[in-house]
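Structure assessment
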Amino acid sequence: MDIKFSNLAIQDVASDALVLGVAYRQTGERFPVLSQAARAVDDALGGLLQELFSSGEFKGDVAELTTVHTMGKLTTRRVVLVGLGKQERLQPLAIQRAYGAAARHVQQTGAHTIALASLLEDAPLDLETQTQAAIEGALLGVYTFKKYQQADARGNGRSITRIDIVASNSLHARLEPAMRRAIAFAEATNFTRDLVNEPPNVLTPTELANRASLIAKQFHLDFEALERPQMQELGMGGLLGVSQGSEEPARFIIMRYRGAPARSEKDITLLGKGITFDTGGISLKPAENMHKMKGDMAGAAAVIGAMYAIAALKPAINVTALVPTTENMPGGTAYRPGDILRIMNGKTIEIVNTDAEGRLVLADALSYAVLKEQATTIIDVATLTGGMVIALGSVMSGMFCNNDGLSAEIIEAGQRVGEKFWRMPLDDEYAEAIHSDVADIKQTGGRPASPVTAAKILEHFVGDARWAHLDIAGTNFSDSRKPYAENGATGVAARTLAELVLKRAKSV
Ligand code: BES
Ligand code: MN
Ligand code: ZN
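Residues numbered from 1 in each chain as written. Chains lettered and ligands numbered in written order. Predicted model: local features only at pLDDT ≥ 70, side-chain atom pairs only at ≥ 80, totals over all residues. Heavy atoms only, no water.

Across its full length, the protein holds 14 helices and 21 strands. Its C-alpha atoms give the protein a radius of gyration of 24 Å, within 12% of the compact-globule value 23 Å for 508 residues. Per-residue burial for the protein yields a buried fraction of 58% across its 508 residues. In the protein, once contacts between residues fewer than 6 apart in sequence are set aside, the share between residues at least 24 apart is 77%. Accessible area of the protein: about 20600 Å², with a carbon and sulfur share of 50%. (Helix = DSSP H or I, 4+ residues; strand = E, 2+ residues; numbered from the N terminus. Rg over C-alpha atoms; globule rule 2.2 N^0.38 Å. Buried < 20%, exposed > 50% of the residue type's maximum accessible area, 1.4 Å probe, protein only. Contact = heavy atoms within 4.5 Å. Areas by Shrake-Rupley, 256 points an atom, 1.4 Å probe, with all protein chains shown as cover.)

Put into structure tokens, the structure is as follows:
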């Protein structure tokens, strides 16, 4: 994909489609808010855009689309108008969805080149933020996963090869960093989506480690993938217990980005649940939706995707990623309900349901972060509980955090990249449900508040670190096709983590 600025006059833009974002203002009636570029297009088309608005045919709602053929009045063959919603409420998420829907729509018509032109000069968001959101949205919108299907007449569905950002020469230097961020963020998210969309016979723990190592090589990150003997040495009884029923060997992936010379309080450790397939184990899941459990490594994918964006953008901060990865399979050698496992920090867990495997592998990874890395700030990401899907659905991810500052950082970083997090409780009274009579902790607290009791288990392994746990069980996968995105993996959390790290690097 070729993405660059163009300073052509809007009449001379020669792309297959020119995408124009239009917001509205409302005082009684709705009035269109046209950028300079949109006004020039409107003039060339004899007031057509104004007419579409005043007739009520186009309202300007977020991601609403109308295509206008220019019939030689402009160099571009068609103009795609896309709504940005209410001007004073303009948010990165609305811009992303609008440009995502437009780019996706244009791609489906077989177009190869598009131009984006519609920075709103008079809006509550600065031009940098608008530019980043527009490019990011377009790149996220054209994502497809068709590598296992025979190519149809339009190839693999990724027909767009060039995006021109139309802006005057004087703005290019100012908007360049926003473009670079958008490209890194979108590529990282699409890489995350690829990992999650891959079938579980391809994306085994070994293959997940291979793909992480390729990223590490490309960006010169330190990389290690611990194997069984090292896990045994470290006493990772949770990860080893879960992997016991699988023929596929487990891995413990470590990636390190060093952007600052010395260690500091700013440094951050990211941690992702990497269950490449979750059958439930001996406590087998029902068949109906089991195939979706190929996505049970979405936390791992988000963390590796975040490392991609961080390594590409090179902020002045140190970041470590830890990924425990294994399958959860039933079988003659599988771990059982009733077993007691000892986690790396010495605490024991009474197994009551082998389907609650995520907290066990995360417990070892958190222990590793605290004991081996002396981590002071940890964020883990996991498709941890079905209860999270019930609580917040696919709109917001659940966030549990033992530190108000870190919680605010996550919510704000999410807002800037268009991802929503809702803070959930860690009240100590919830810990009563995970009391065990035979071990230090019982593995599950049953159905009531299951996302919370799962988080309370993780809390046993974070030591004194500032810690946040993101439960993305409901947000990592979309069953329905959206105008701005294919169904399947969403790539959620990769950008929020990367954005948080970039912001932290700049803070003092
Ligand atoms: N991977 C699942 C959670 C999940 C469910 C993710 C649905 C995405 C969609 C996890 O390992 C699991 O099975 N959790 C159980 C735990 C229970 C047995 C205590 C759950 O939440 O139902
Ligand atoms: Mn499970
Ligand atoms: Zn799971």
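Let us keep going from here.
Let us now look at the coordination of the manganese ion (ligand 2). With distances of 2.1 to 2.2 Å, the protein atoms coordinating the manganese ion (ligand 2) are Asp278 (OD), Asp355 (O), Asp355 (OD) and Glu357 (OE). Coordination at the manganese ion (ligand 2) comes from six donor atoms whose angles at the metal span 71 to 168°, giving a geometry best classed as irregular. Counting gaps between the donor residues of the manganese ion (ligand 2) yields the pattern D-x76-D-x1-E. The metal-metal distance between the manganese ion (ligand 2) and the zinc ion (ligand 3) is 3.1 Å, with Asp278 serving as a donor to both. Here Asp355 falls in the partly exposed class, since its relative accessible area comes to 22%. (Donors = N, O, S within 2.8 Å, 3.2 Å for Na, K, Ca; no water. Tetrahedral: all angles 85-135°; square planar, octahedral: opposite > 155°, others 65-115°.)

Moving on, we get to the coordination of the zinc ion (ligand 3). By definition of the ideal shapes, four donors in a tetrahedron about a metal sit 109.5 degrees apart, and six donors in an octahedron sit 90 or 180 degrees apart. Around the zinc ion (ligand 3), the protein contributes the donor atoms Lys273 (NZ), Asp278 (OD), Asp296 (OD) and Glu357 (OE), at 2.0 to 2.4 Å from the metal centre. One can describe the donor arrangement at the zinc ion (ligand 3) as octahedral, given that its six donor atoms subtend angles of 78 to 176° at the metal. If you list the donors of the zinc ion (ligand 3) from N- to C-terminus, the spacing comes out as K-x4-D-x17-D-x60-E.

Taken together, the neighbourhood of ligand 1 is formed by 16 residues, with Lys285, Asp296, Asp355, Glu357 and Gly386 sitting nearest. Lys273 is positioned with one of its side-chain polar atoms (N or O) 3.3 Å from an oxygen atom of ligand 1. Contact between ligand 1 and Asp355: an oxygen atom at 2.8 Å from a side-chain N or O atom of the residue. In the complex, the protein chains occlude 79% of the 520 Å² of accessible area that ligand 1 would expose alone. Of the residues belonging to the shell around ligand 1, the class tally is four nonpolar, five polar and seven charged. (Near = heavy atom within 4 Å. Polar contact = N/O pair within 3.5 Å; in protein donor to acceptor, adjacent residues only side chain to side chain. Nonpolar A, V, L, I, M, F, W, Y, C, P; charged D, E, K, R; others polar.)

Under the defined criterion, the tally for this structure stands at 27 salt bridges. Between Arg174 and Glu128 there is a salt bridge; the shortest N-O distance is 3.0 Å. Pair noted here: Arg174 is in helix 5 (residues 169-197) and Glu128 is in helix 4 (residues 127-141), with a separation of 46 residues, a long-range link. For Arg174, a relative accessible area of 42% gives the class partly exposed. Between Arg336 and Asp339 there is a salt bridge whose closest N-O contact spans 3.1 Å. Each of the salt bridges in this network shares a partner with another, and the network as a whole consists of Lys147, Glu198, Glu207 and Arg211. (Salt bridge = Lys/Arg side-chain N within 4 Å of Asp/Glu carboxyl O.)

Turning our attention to the packing of aromatic side chains. Under the definition given, this model contains five aromatic pairs. For the pair Phe145 and Tyr148, a centre-to-centre distance of 6.0 Å together with 55° between the ring planes defines the contact as tilted. Given the relative accessible area of 18%, Phe145 is considered buried. The partly exposed category is assigned to Tyr148, whose relative accessible area is 46%. Ring plane angle 70° and centroid distance 5.2 Å describe the contact between Phe219 and Tyr308, whose orientation is recorded as edge-to-face. Residue Phe219 is located in helix 6 (residues 205-219), and its partner Tyr308 is located in helix 9 (residues 298-313); the two are separated by 89 residues in the primary sequence. The exposure class of Tyr308 is buried, given its relative accessible area of 10%. Here the aromatic residues Phe191, Phe219 and Tyr308 are joined through ring pairs into a cluster of three or more. Geometry around Tyr24 places Arg30 over its ring, the cationic atom sitting 3.9 Å from the centre. (Phe/Tyr/Trp six-rings, centres within 6.5 Å; stacked < 30°, edge-to-face > 60°. Lys NZ or Arg CZ within 6 Å of the ring centre and 35° of its normal.)

Here we take up the side chain of Thr276. Tracing the chain through its elements places Thr276 in strand 11 (residues 274-278). Ignoring anything within four residues of it in the chain, the contact list for Thr276 reads Pro200, Leu203, Thr204, Pro205, Met293, Lys294, Met297, Thr325, Thr326 and Glu327.

This next bit is on helix 4. Taking 1.5 Å of rise per residue, the 15 residues of helix 4 would be expected to cover 21 Å, and the 21 Å separating its terminal C-alpha atoms lies within 8% of that figure. Most of helix 4 sits inside the fold, with 13 of its 15 residues counted as buried. (Expected span 1.5 Å × (residues − 1).)

What follows is about the domain arrangement of the protein. The domain architecture assigned to the protein consists of domain 1 (2-168) and domain 2 (187-507). For domain 1 and domain 2, the distance between their C-alpha centres works out to 36 Å. At the interface, 18 residues of domain 1 touch 20 residues of domain 2. For the pair domain 1 and domain 2, the summed buried area comes to about 1700 Å², and 49% of that belongs to carbon and sulfur atoms. A salt bridge links Arg495 to Glu136, with the shortest nitrogen-to-oxygen separation between them at 2.7 Å. Joining domain 1 to domain 2, the criterion identifies 12 residue pairs in polar contact (both at pLDDT 80 or more). (Domains from an automatic or database assignment. Buried area = accessible area lost by both parts, 1.4 Å probe.)

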